[in-house]
Amino acid sequence: QVTLKESGPGILQPSQTLSLTCTFSGFSLSTYGMGVGWIRQPSGKGLEWLANIWWDDDKYYNPSLKNRLTISKDTSNNQAFLKITNVDTADTATYYCARIEGLQWFSYWGQGTLVTVSS
Amino acid sequence: DIVMTQAPLSVSVTPGESASISCRSSKSLLHSNGITYVYWYLQKPGKSPQLLIYRMSNLASGVPDRFSGSGSETDFTLKISRVEAEDVGIYYCGQLLENPYTFGAGTKLELK
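Participant: If you had to explain the pairing of strand E5 (residues 48-54) of chain A to someone new, which residues and values would you point to?
Facilitator: Residues and elements named next belong to chain A. Burial analysis of E5 places six of its seven residues in the buried class, which makes it a mostly covered element. Note: strand E4 (residues 34-41) against E5, six bridges, orientation antiparallel. Within E5, the residue paired with Gly35 across the bridge is Trp54. The turn linking E4 back onto E5 is made up of six residues, and Gly44 within it adopts a positive phi angle of 75°. The turn joining E5 and strand E6 (residues 59-61), which pair antiparallel and follow one another in sequence, is formed by four residues; a positive phi near 75° is taken by Asp57.

Participant: Account for the sheet that holds strand E1 (residues 4-7) of chain B, with residues named and values stated.
Facilitator: All names here are of chain B. With antiparallel pairing, the four strands of this open sheet are ordered in space as E1-E3-E8-E7. The open sheet has two free edges, formed respectively by E1 and strand E7 (67-71), since each of these has just one partner strand. Averaged over neighbouring strand pairs, the angle between their axes works out to 20° when direction is ignored. Relative to strand E8 (residues 75-80), strand E3 (residues 19-25) runs antiparallel, the two being bridged by six bridges. Each residue of the ladder has a partner; that of Cys23, found in E8, is Phe76.

The rules behind the values
- Residues numbered from 1 in each chain as written.
- Chains lettered and ligands numbered in written order.
- Predicted model: local features only at pLDDT ≥ 70, side-chain atom pairs only at ≥ 80, totals over all residues.
- Heavy atoms only, no water.
- Buried < 20%, exposed > 50% of the residue type's maximum accessible area, 1.4 Å probe, protein only.
- Helix = DSSP H or I, 4+ residues; strand = E, 2+ residues; numbered from the N terminus.
- Pairing = 2+ DSSP bridges.
- Axes fitted to C-alpha atoms, helices over the stretch in contact; angles between N-to-C directions.

On their own, these measurements won't tell you what the molecule is for.
Following this line, the structure appears as structure tokens:
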């Protein structure tokens, strides 16, 4: 059974660094063809892809946020991470992590974690 | 960036009837490997999105065969036959061909 669960700070202030953790089970990020992606969704709005990390540690970022994003993984503990530096109110959103398996992108999603940026 | 444009923004369907949702991309999503990289997701109220269709016409695991995807290089359709109450939510198309991967604005399906 594949599950993913995101965790984050809940609320943070502008200019701080947002650190998100995706803890998953039912698959391994050391398996060929596996990946994890991060996608966010402001309340009442659409989906925005942020970054992917692959089994071979290949990483891809959305160019519109690339300078602020860092994605990483801990294969041993079945976790993936996303850091966003210098946040502002526009980063307020629900953040999801999702599994990628081969060509089935985002086949399983976590429940999402709401992040609010406010002074 | 590739822009994904969905229509309509909302659709109201009588249970048991069919519904179609359109999606158009600003660039061909057909890769040289013959795969068309359009995906469909459903976000039910208060839930996370779920994968319905991958590579334009392939049904994701556990998805009822009432759902089907079709299209060309830039124009795509999600069809739901015999709509049920559990199909209510927002449908998103997405292109996973080119970075940045982008999604349409969504189509809200409601029941009459």
